[in-house]
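# A closer look at the structure
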Amino acid sequence: MAETKVIGVIGSGQMGSGIAQLAAVRGIDVWLHDSDPVALSRATKTITASIQRLVSKGHLSREVGNDALRRLRYASNLEEFHSADVIIEAIVESEDIKKKLFSDLDKIAKVSAVLASNTSSISITRLASVTNRPNQVIGMHFMNPPPIMKLVEIVRGADTSDETFVTIKSLAERLGKTVICSQDYPGFIVNRILMPMINEAFFALYTGVATKEDIDTGMKLGTNHPMGPLELADFIGLDVCLSILKVLHAGLGDTKYIPCPLLVQYVDAGRLGKKRGIGVYNYQKVAEAVKPSPRL
């Protein structure tokens, strides 16, 4: 098994940027790509500021921080990924869009490259089916935010080889992560368990069992969760939660996975959570409350 020297990360949102930053800090050369140049420019600034903040707080040495910034390169064209040993996809949670990307990557990536998906629920087997290397396709599901959360969930498709599994497990451990392994079933491990809980919290709110504050406080203090399920849904993104529940319902056929109508309504209204400033909770009010008063 050859050591992973260069990785490509596709998608410069919170997950992709976090994965790229983490790998660069751990001494791996990284190409980060996004089809949206504005998003890529924003990611450049975000990652640079994050690494500089870690240095200023003493969490990273200046040498490591500077080395990480040198290792990060930003690509507007997927052709730059031809040298990558592992390519990690971290784009929108849509099977059709991911399949198109994997088909394109199969033509661009070198023959030995592993294609990994950060998907939180979509079948790795189906993503692999559009490539000529299904044995080199695997799920590598980071938790959010990747630089902080300790877990990586590895998902083997029907044809994923032992060599591919060992490569990705070794990479995850090099990134300082604890690895868990799942077969390719809807929702894998974490979201198979987490999303029904979040959905049930929405049903509790929808049917008037309790207020959102009491539901979240009950789960935080009653079960020692660091974040209540509704607050966590806002953090994940309500659109992402809805997408995963749809995958679970379609793949497993059990009515217990049917998304709560309130969750559907919030997504339809554009209340997607913290990233939009409003979801179950209104984060715009919080932001306004902490703004300094103008000095006259």
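Just so you know, these numbers come straight off a predicted model, no measurement behind them. (Residues numbered from 1 in each chain as written. Predicted model: local features only at pLDDT ≥ 70, side-chain atom pairs only at ≥ 80, totals over all residues. Heavy atoms only, no water.)

Attention now moves to the overall build of the chain. What the chain contains, in helices and strands, is 12 helices and 8 strands. On C-alpha atoms alone, the chain measures out to a radius of gyration of 20 Å, which is about the 19 Å that the 2.2 N^0.38 rule sets for 296 residues. Projected onto its principal axes, the C-alpha coordinates of the chain cover approximately 60 × 55 × 35 Å. The buried share of the chain, reckoned over its 296 residues, is 47%. For the chain, long-range pairs separated by at least 24 residues make up 66% of all intrachain contacts whose partners lie at least 6 apart in sequence. Approximately 14,700 Å² of the chain is accessible, and the part contributed by carbon and sulfur atoms is 54%. Seen as two clouds, the 34 positive and the 31 negative side-chain charges of the chain have centres 6 Å apart. (Helix = DSSP H or I, 4+ residues; strand = E, 2+ residues; numbered from the N terminus. Rg over C-alpha atoms; globule rule 2.2 N^0.38 Å. Buried < 20%, exposed > 50% of the residue type's maximum accessible area, 1.4 Å probe, protein only. Contact = heavy atoms within 4.5 Å. Areas by Shrake-Rupley, 256 points an atom, 1.4 Å probe, with all protein chains shown as cover. Lys, Arg positive; Asp, Glu negative; His and termini not counted. Charge placed at Lys NZ, Arg CZ, Asp CG, Glu CD.)

All right, on to the packing of aromatic side chains then. Geometrically, a pair of aromatic rings is defined through the distance of the ring centres and the angle of the planes. Enumeration according to the criterion identifies 2 aromatic pairs in this entry. Ring geometry for Phe202 against Tyr266: centres 6.3 Å apart, planes inclined by 75 degrees, an arrangement best described as edge-to-face. You can see Phe202 sitting in helix H7 (residues 190-206) and its partner Tyr266 sitting in helix H11 (residues 261-268), a full 64 residues away along the chain. Per residue, the accessibility class of Phe202 equals that of Tyr266, and both read buried. Geometrically, the ring pair formed by Phe203 and Tyr206 is edge-to-face, given 6.4 Å between the ring centres and 70 degrees between the ring planes. Linking Phe203 with Tyr206, this pair stays in helix H7, spanning 3 residues, or about one helical turn. (Phe/Tyr/Trp six-rings, centres within 6.5 Å; stacked < 30°, edge-to-face > 60°.)

The domains assigned to the chain are domain 1 (6-183) and domain 2 (191-276). Placing a centre on the C-alpha atoms of domain 1 and another on those of domain 2 gives a separation of 27 Å. Taken together, the contacts link 7 residues of domain 1 with 6 residues of domain 2. Both sides of the domain 1 and domain 2 interface together cover about 530 Å² of buried area, and 52% of this is carbon and sulfur. Of all residues in domain 1, Glu93, Ser120 and Ser121 bury the most surface against domain 2, accounting for 60% of the area lost on that side. The interface formed by domain 1 and domain 2 holds 0 salt bridges in total. Counting across the domain 1 and domain 2 interface gives 2 residue pairs in polar contact (both at pLDDT 80 or more). The residue inventory of the side of domain 1 that touches domain 2, partitioned by class, reads 1 nonpolar, 5 polar and 1 charged. (Domains from an automatic or database assignment. Buried area = accessible area lost by both parts, 1.4 Å probe. Salt bridge = Lys/Arg side-chain N within 4 Å of Asp/Glu carboxyl O. Polar contact = N/O pair within 3.5 Å; in protein donor to acceptor, adjacent residues only side chain to side chain. Nonpolar A, V, L, I, M, F, W, Y, C, P; charged D, E, K, R; others polar.)

Here we come to the UniProt feature "domain: 3-hydroxyacyl-CoA dehydrogenase NAD binding" (unreviewed entry) in the chain. Here the UniProt feature "domain: 3-hydroxyacyl-CoA dehydrogenase NAD binding" (unreviewed entry) sits at residues 7-184. The straight-line gap between the two end C-alpha atoms of residues 7-184 is 23 Å; of that span, 42% is helix and 22% is strand. (UniProt positions renumbered as here; feature names shortened; annotations may be inferred.)

The next thing to look at is the packing of H7 against helix H10 (residues 238-252). Running from N to C, H7 and H10 cross one another at 115 degrees; their axes reach a closest spacing of 10 Å. If you check the angle between H7 and H10, you find them roughly perpendicular. The handedness of the crossing between H7 and H10 is left-handed. The residues of H10 that touch H7, namely those facing Asn191, Arg192, Met195, Pro196, Ile198, Asn199 and Phe202, are Leu238, Cys241, Ile244, Leu245, Leu248 and Leu252. Class assignment for the residues of the contact of H7 with H10 results in 10 nonpolar, 2 polar and 1 charged. (Axes fitted to C-alpha atoms, helices over the stretch in contact; angles between N-to-C directions. Parallel < 35°, antiparallel > 145°, perpendicular 65-115°, else oblique. Left-handed = near helix turned anticlockwise from the far one by under 90°.)

Before going further, it helps to examine the sheet that holds strand E7 (residues 151-156). The strands that make up a sheet pair up through hydrogen bonds in the backbone, lying either parallel or antiparallel. Spatial ordering of the open sheet is given by E3-E2-E1-E4-E5-E6-E7-E8, a layout of 8 strands whose pairing is mixed. Lying at the two open borders of the sheet, with one neighbouring strand each, are strand E3 (72-75) and strand E8 (178-183). In this sheet, neighbouring strand axes are inclined to one another by 25 degrees on average, regardless of whether the strands run parallel or antiparallel. Here 6 bridges tie E7 to E8, and the two strands are oriented parallel to one another. Pairing of Arg156 across the sheet is with Gln183, part of E8. Running at roughly 165 degrees to strand E5 (residues 114-117), helix H4 (residues 95-108) makes contact with strand E1 (6-10), strand E4 (86-89), E5 and strand E6 (137-142) of the sheet. (Pairing = 2+ DSSP bridges.)

The next subject is the pairing of E7. Where a strand is regular, its side chains alternate between the two sheet faces. Note: E6 against E7, 5 bridges, orientation antiparallel. Counterpart to His141 in the pairing with E7 is Glu153. Running through helix H6 (residues 162-174), the crossover from E7 to the neighbouring parallel element E8 is right-handed. (Right-handed = clockwise from strand over helix to strand, strands pointing away.)

Moving on to the UniProt feature "domain: 3-hydroxyacyl-CoA dehydrogenase C-terminal" (unreviewed entry) in the chain. Mapped onto the present numbering, the UniProt feature "domain: 3-hydroxyacyl-CoA dehydrogenase C-terminal" (unreviewed entry) falls on residues 187-283. For residues 187-283, helix accounts for 63% and strand for 0%, while the C-alpha atoms at its two ends are 28 Å apart.

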